[in-house]
Amino acid sequence: LLKNHPRARKVLEVAAAKAGWNKPPARGQARGIAYHLSFGSYVAEVAEVSVDKKNGAIKVHKVTCAVDCGSTVNPAIVSAQMMGGLTMGLSAALKEKIEIAGGGIRSENFSDYELLRMNEAPDVDVHIVKSGEKVGGIGEPGVPPIAPAVANAVYKATGARLRQLPMKPETVLAAMKG
């Protein structure tokens, strides 16, 4: 499907290769992959996850990211932006939800609005695909592919397809039952 989209295909191939896609993951883990294009930048991410089938908890162990954002001026900034973006996206994928009660927003502050904690953040491996193309944006493109990469890994691990966010344990358990 990507024969006419060489940059998209390349980031998928690099992410898969660097994540060891052709080798089995660690025992009890599964991998999922997803791709995204925005702001002229191509991003693919592979998430390695495990799922506790008793309580539905998802643990993301590692994310391998490949990015083609055109000519790169400062690779360290590109890597940092990818790490930050996918961590933000992972927080939204696994935890963040605005709660509404009594005609208003119940989750008004950090005390009642869950975010990903540092001890929950996975190892991240970023690979910049060399490209002579026009410079693309690098702030947001790392965010969108992490949720589908995790959902694809959860599907591989459990056979349950998750179609809503956040992917909280109760959501996983319900999907596994239904």
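Note that the structure is predicted; figures quoted are calculated from it, not measured. (Residues numbered from 1 in each chain as written. Predicted model: local features only at pLDDT ≥ 70, side-chain atom pairs only at ≥ 80, totals over all residues. Heavy atoms only, no water.)

A. Local environment of the environment of Val49. Note on placement: Val49 falls in strand S2 (residues 41-51). Between the alpha carbons of Val49 and Lys97 there is a distance of 21 Å; along the sequence they are 48 residues apart. Leave out the neighbours within four places in its chain, and Val49 touches Gly28, Gln29, Ala30, Ile58, Lys59, Val60, His61, Val150, Ala153 and Val154. (Helix = DSSP H or I, 4+ residues; strand = E, 2+ residues; numbered from the N terminus. Contact = heavy atoms within 4.5 Å.)

B. Representation of the nonpolar core within the structure. With 30 residues, the main nonpolar core has Val49, Ile58, Val60, Val67, Val150 and Met167 as its most contacted residues. Mapped by element, the contributors of at least two residues to this core are S2, strand S3 (58-68), helix H2 (75-94) and helix H3 (146-158). Ignoring anything within four residues of it in the chain, the contact list for Met167 reads Ile58, Ala93, Leu94, Ala147, Val150, Ala151, Leu162 and Val172. Of all hydrophobic cores here, the second largest spans 10 residues; its members include Ala8, Tyr42, Ala44 and Val46. (Core = buried A, V, L, I, M, F, W, Y, C linked by side-chain atoms within 4.5 Å. Buried < 20%, exposed > 50% of the residue type's maximum accessible area, 1.4 Å probe, protein only.)

C. Examining the sheet that holds S3 more closely. Spatial ordering of the open sheet is given by S1-S2-S3-S6, a layout of 4 strands whose pairing is mixed. Looking at the sheet topology across the chains shown, the edges are occupied by strand S1 (30-38) and strand S6 (123-128). Adjacent strand axes in the sheet meet at a mean angle of 15 degrees when their direction is disregarded. Bridge analysis of S2 against S3 gives 10 bridges, and the strand direction is antiparallel. Note on S3: the bridge partner recorded for Glu48 is Lys62. (Pairing = 2+ DSSP bridges. Axes fitted to C-alpha atoms, helices over the stretch in contact; angles between N-to-C directions.)

D. Broad picture of the layout of surface pockets. Reported here for the largest pocket is a volume of approximately 230 Å³. If you trace the largest pocket, you find it lined by Ala57, Ile58, Lys59, Val60, Leu94, Lys95, Glu114, Leu116, Glu120, Met167, Lys168 and Pro169. The element best represented in the lining of the largest pocket is S3, accounting for 3 residues. Of the residues that constitute the lining of the largest pocket, the class distribution is 7 nonpolar, no polar and 5 charged. (1 Å grid on protein atoms, 1.4 Å probe; cavity = no way out; pocket = protein on both sides within 12 Å on 5 of 7 lines; lining within 4 Å. Points joined across faces, edges and corners; volume = space filled by probe spheres on them. Nonpolar A, V, L, I, M, F, W, Y, C, P; charged D, E, K, R; others polar.)

E. Quick look at the packing of H2 against H3. At a closest axis distance of 8 Å, the pairing of H2 and H3 adopts a crossing angle of 55 degrees. Relative to H3, the element H2 lies oblique. By crossing handedness, the relation of H2 to H3 is classed as right-handed. Along the contact surface, H2 presents Leu86, Gly89, Leu90, Ala93 and Leu94, while H3 presents Ile146, Ala147 and Val150. Looking at the contact of H2 with H3, its residues break down into 7 nonpolar, 1 polar and no charged. (Parallel < 35°, antiparallel > 145°, perpendicular 65-115°, else oblique. Left-handed = near helix turned anticlockwise from the far one by under 90°.)

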